[in-house]
There are 2 protein chains.
Amino acid sequence: MKTNKFKFEVLKECKQSGARITRFTTPHGVIETPVFMPVGTQATVKAVSPEELKETNSQIILSNTYHLYLRPGHQLVEKMGGLHKFMNWDRPILTDSGGFQVFSLSDLRKIKEEGVYFSSHLDGSKHLFSPEKVIEIEQALGADIMMQFDVCSPYPCDYRAAKENMERTLRWLDRCYNAWTNENQALFGIVQGNMYKDLRRESAIATASYTDCPGIAIGGLSVGEPKPLMYEILDDLMPVMPKDKPRYLMGVGSPDCLVEGFTRGIDMMDCVLPTRIARNGTVMTSSGKVVIRNAQYKDDPRPLDEECDCYACRNYSRAYIRHLMNAGEIMGARLASIHNIRFLHKLTEDLKKAIWEDRSLDFKNEFMKKYGYN
Amino acid sequence: MKTNKFKFEVLKECKQSGARITRFTTPHGVIETPVFMPVGTQATVKAVSPEELKETNSQIILSNTYHLYLRPGHQLVEKMGGLHKFMNWDRPILTDSGGFQVFSLSDLRKIKEEGVYFSSHLDGSKHLFSPEKVIEIEQALGADIMMQFDVCSPYPCDYRAAKENMERTLRWLDRCYNAWTNENQALFGIVQGNMYKDLRRESAIATASYTDCPGIAIGGLSVGEPKPLMYEILDDLMPVMPKDKPRYLMGVGSPDCLVEGFTRGIDMMDCVLPTRIARNGTVMTSSGKVVIRNAQYKDDPRPLDEECDCYACRNYSRAYIRHLMNAGEIMGARLASIHNIRFLHKLTEDLKKAIWEDRSLDFKNEFMKKYGYN
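On a predicted model such as this, the values are computed, not experimentally measured, just so you know.

So, how was this worked out
Within each chain, residue numbers correspond to sequence positions counted from 1 in written order. Chains and ligands are labelled by the order in which they are written, letters from A for the one and numbers from 1 for the other. At least 70 in pLDDT is required for a residue's local features to be given in this predicted model, at least 80 for side-chain atom pairs to be given and counted, and no such filter applies to totals for whole chains, interfaces and linings, which use all residues. For side-chain calculations, the full set of non-hydrogen atoms in the structure is used, while hydrogens and water are omitted. For the purposes of this entry, the term helix denotes a DSSP run of H or I that reaches at least four residues, the term strand denotes a run of E that reaches at least two, and both are numbered from the N terminus. One less than the number of residues in a helix, times 1.5 Å, gives the span that helix is expected to have. The contact criterion used throughout is that any non-hydrogen atoms of two residues lie within 4.5 Å. Orientation is described by lines fitted to C-alpha atoms, with helices fitted over the stretch in contact, and by angles between N-to-C directions that extend from 0 to 180 degrees. Any angle between 65 and 115 degrees counts as roughly perpendicular, while under 35 counts as roughly parallel, over 145 as roughly antiparallel, and the rest as oblique. For any pair of crossing helices, the crossing counts as left-handed if the nearer helix is rotated counterclockwise from the farther one by less than a right angle, and right-handed if it is rotated clockwise. Side-chain classes are defined by residue name, with Ala, Val, Leu, Ile, Met, Phe, Trp, Tyr, Cys and Pro counting as nonpolar, Asp, Glu, Lys and Arg as charged, and the others, Gly among them, as polar. Think of it in three bands: residues with accessible area under 20% of the maximum for their type are buried, residues over 50% are exposed, and the middle band is partly exposed, with areas taken using a 1.4 Å probe on protein chains only. Being paired, for any two strands, means DSSP has found at least two bridges between them. By convention in these notes, a salt bridge is any Lys or Arg side-chain nitrogen within 4 Å of a carboxyl oxygen on Asp or Glu. Our superposition of the copies is a least-squares fit, built on the C-alpha atoms of residues whose pLDDT is at least 70 in both. Classification of ring pairs rests on two measures: the distance between centres of Phe, Tyr or Trp rings, Trp counted by its six-membered ring, which must be within 6.5 Å, and the angle between planes, read as stacked under 30 degrees, edge-to-face over 60 and tilted in between. Placement of a charge over a ring requires the Lys NZ or Arg CZ to be within 6 Å of the ring centre, with the centre-to-atom vector within 35 degrees of the ring normal.

The next subject is helix 8 (residues 197–208) of chain A. With 12 residues, helix 8 of chain A should cover 16 Å at 1.5 Å per step; its first-to-last C-alpha distance of 16 Å lies within 8% of that length. As for helix 8 of chain A, its buried residues are in contact with helix 7 (159–179), strand 11 (186–191), strand 12 (215–218) and helix 9 (227–237) of chain A.

All names here are of chain B. Relative orientation of the contacting elements helix 6 (residues 131–141) and helix 7 (residues 159–179) amounts to 45 degrees, with a least axis distance of 8 Å. If you check the angle between helix 6 and helix 7, you find them oblique. The two elements helix 6 and helix 7 meet at a crossing, and its hand is right-handed. Contacts from P131, E132, I135 and Q139 in helix 6 reach W172, R175, C176 and A179 in helix 7. Among the residues forming the contact of helix 6 with helix 7, the class breakdown is 5 nonpolar, 1 polar and 2 charged.

Next up on the list: unusual backbone geometry. A cis geometry characterises the amide bond from T33 of chain A onward to P34 of chain A, with omega recorded as 5 degrees. Within the secondary structure layout, P34 of chain A lies in the loop between strand 3 (29–33) and strand 4 (35–38). Looking along the chain, the bond that leaves Y155 of chain A and enters P156 of chain A is cis, with omega of -5 degrees. With respect to the helices, strands and loops of the structure, P156 of chain A is situated in the loop between strand 10 (145–147) and helix 7. Phi is positive for A43 of chain B, which is not a glycine, with a value near 70 degrees. Residue class for A43 of chain B comes out buried when judged on its relative accessible area of 0%.

In regular strands, side chains alternate between the two faces of the sheet. Taken together, the 4 bridges between strand 15 (residues 282–285) of chain B and strand 16 (residues 288–291) of chain B define a ladder with antiparallel strand orientation. Directly across from T285 of chain B, in strand 16 of chain B, lies its bridge partner G288 of chain B.

Okay, the packing of helix 8 of chain A against helix 9 of chain A next. Residues and elements named next belong to chain A. Two elements in contact, helix 8 and helix 9, have axes whose closest approach is 10 Å; the angle formed by their N-to-C orientations is 45 degrees. On the basis of their axis angle, the class for helix 8 and helix 9 is oblique. Crossing hand, helix 8 versus helix 9: right-handed. Facing helix 8, whose interface residues are K197, R200, R201 and A204, helix 9 presents E232, I233, D236 and L237. Of the residues in the contact of helix 8 with helix 9, the class split is 3 nonpolar, no polar and 5 charged.

This model, assessed by the stated rule, comprises 66 salt bridges over all chains. Across the pair K79 of chain A and D299 of chain B runs a salt bridge whose closest N-O atoms are separated by 2.5 Å. Of this pair, K79 of chain A sits in helix 3 (residues 74–79) while D299 of chain B sits in the loop between strand 16 and helix 12 (311–315), which puts the two residues in different chains. Between R264 of chain B and D235 of chain B there is a salt bridge; the shortest N-O distance is 2.8 Å. Of this pair, R264 of chain B sits in the loop between helix 10 (255–262) and strand 14 (268–271) while D235 of chain B is found in helix 9 (residues 227–237), placing the two residues 29 residues apart along the sequence. Judged by relative accessible area, D235 of chain B falls into the partly exposed class, the value being 44%.

The subject of this paragraph is the sheet that holds strand 3 of chain A. Residues and elements named next belong to chain A. The strand order 1-2-3 describes an open sheet built from 3 strands, whose pairing is antiparallel. Of all the strands in the sheet, just strand 1 (7–13) and strand 3 have a single pairing partner and so form its edges. The mean angle between the axes of side-by-side strands here comes to 15 degrees, regardless of whether they run parallel or antiparallel. As paired strands, strand 1 and strand 2 (residues 20–26) are joined by 6 bridges and run antiparallel to one another.

In this section: the sheet that holds strand 4 of chain A. Residue and element names in this part refer to chain A. Taken together, 8 strands build an open sheet; the order of strands is 4-14-13-12-11-10-6-5 and the sheet is parallel. Each of the sheet's edge strands pairs with one partner strand only, and the pair in question is strand 4 and strand 5 (61–63). The mean inter-strand angle of the sheet, taken between neighbouring strand axes irrespective of direction, is 25 degrees. Here 2 bridges tie strand 6 (residues 93–95) to strand 10, and the two strands are oriented parallel to one another. The residue of strand 10 that forms the bridge with T95 is M146. Helix-sheet contacts for helix 8 involve strand 11 and strand 12, and the interaxial angle to strand 11 is about 160 degrees.

Okay, the relation of the copies chain B and chain A next. When chain B is brought onto chain A, the operation consists of a screw motion whose angular component is 180 degrees and whose axial shift is 0.0 Å, with 0.0 Å RMSD remaining. Expressed as an axis order, the relation between the two copies is that of a two-fold axis. Scanning chain B for the C-alpha nearest the rotation axis identifies I330 of chain B, at a separation of 3.7 Å. Same-surface contact between copies: 100% of interface residues of chain B are shared with the interface of chain A.

Moving on: the environment of G98 of chain A. Residues and elements named next belong to chain A. The topology assignment puts G98 in the loop between strand 6 and helix 5 (99–104). On the basis of relative accessibility, which here comes to 0%, the residue G98 falls in the buried class. Distance in space between the C-alpha atoms of G98 and F149 is 7.0 Å, their sequence separation being 51 residues. Setting aside chain neighbours within four positions, we find G98 in contact with T65, Y66, F129 and F149.

Turning our eyes to something else, we now look at the packing of aromatic side chains. Centre-to-centre distance and the angle between the planes together describe a pair of aromatic rings. Enumeration over the complete set of coordinates arrives at 38 aromatic pairs over all chains. Residues F6 of chain A and F24 of chain A carry aromatic rings whose centres are separated by 5.9 Å and whose planes lie at 25 degrees to one another, so their mutual orientation is stacked. Of this pair, F6 of chain A sits in the segment before strand 1 while F24 of chain A sits in strand 2; the two residues are 18 residues apart in sequence, bridging distant segments of the chain. Taken as a pair, F6 of chain A and F24 of chain A share a single burial class, namely buried. The structure contains a cluster of three or more aromatic residues connected by ring pairs, namely Y66, Y69, F118, F129, F149 and W172 of chain A. One residue, K2 of chain B, lies across the ring of Y177 of chain B, its end atom 4.7 Å from the ring centre.

Here's what the structure looks like:
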């Protein structure tokens, strides 16, 4: 037994969909799922303070191992007391493994059995990420949840390559598992297999066999494939995913994907979307996206979303936020980011209520219609 | 009597210096002076929220008429309920007159008796600011304190031009005074006269003759002249400045200038300095400036200033803020801006304590030494 610091309970399963309400206990507190996790790539959720994140009801945030390793360096973070103290966030944190980032470097990386050789996007310096090295980095960072180092396949990808990457991911899980020594951190394995159902199932069963891992993730989706294909893969995969631990769908978090994922039994999701589009002036509202820079909002006294309870919506008009965006003011990025994060949390909370009432599919249909999805 | 909505009381005069503690009552609350006023050029103090400003103990903020007139437009602000509501700031606001901004446009403006013709720095469109137009704009914005439209002289400036600009400023004060109709707003005249003591005194006496104006300002200093010259001008000018209203030194607010100004009997000062240098990674501390990007702060676990009580200093290390700055994260600008604003307020509060104790000059000497000024 690698750790007994994590606990997981399923409180409810929706009779309509199998969507779950669960409690996942970590050393930095309890996470109630379904949960959306905002992303703080460089040890800060862009433009938003920890206190503001708490006010949006953020329970856990994600940070990126690849970025923190390069700058400011995992050893520096460790010396400063770990990631929680460094960034002033006392609730749970999840660190990814850098697998997706080094995979995305394309020209700058070479994948071998021992690990991935890559050049820094900051200064071109050469590095090797091996499963052991990544766990060393993640343990120095000290997040509650560490992701295994994995190999992501692109879309499209031929069967042989997808199989090789999936199998290598399993071998790397074993090496990560052996390198994992800190009982205050949970290791999550990652299911790969691209868009091949048999590979996904094989990967899920093998990954689940690491029963000491307090959670399990699905990686390599939302990599360019059509959304219906992603949902098809999930539909086929979920029956073989373990029920006794949190199930995390990585890097997926648009409003429709959140609802589609959670109603399929996913418990955790993350995405940079809410903060990224916010900085460009796009906000999500209960009746669809609003591009706040548009002239039509010039003298609009309404909040971004009349159904929202966030700081931005309680205190500012669309006209003001549009002005801030057009004037290049940081406060515009702050307000839109807070709003978008709160929007995804509120959507998740509303879905949770529907799960308690065994009507999560009705909720999904109502939401999709109102938001403007087909 | 143009207004009876403003009240002014002098609570204390320091026996060492003549520095004052006063209370200035406005429609949006009481301002205790000496006071430093942060600048929110485009209806937002860059990177800082109204709640954060309040936590730093900001009593009043300044906003810029020139910028708001061009974008989003004073009529829009008025339609949205005025500047206070638009930007969610319920404490006093002061608007400048745009005089300094159009003066700074150099190639893009022509000064005539009727007003200043200028081209927008945003789109080149042509505009005229006259005293009447500026008061119309300032009344639409609805700040508690409106500055008169004035003509600033450059440094150096020959006597004749300085005299002409000073006299025109007086004629424009008269036109502003006649255009002023809102009793919930105070008009402040502006003393000009460049570096000529006789012109300054003449201007002060004539400006003070508008006894209905609830305050009076000194403009056209800190325009490139050596600091000792500015202090000399102030020393000569202050004895003829009225004692029964707040005295505002415009656009001046470095730590040394604050202390020098307040100990000469100035009550109000403003400057973009704290937020501007913050965004570049420079912070003010009780022992001098710190350029936080410097490598020496890489693993410095201390707060920006160990004597500071601000949000940034209570929760974050120099190492973390340096990381944010190097990574180009908005949170870095936020934290450094909050700190620098709080630093100037705390400096002012400490000076105030010294004024109560009749030891403001001792305080000045101690501060200058500790901060590293000669």
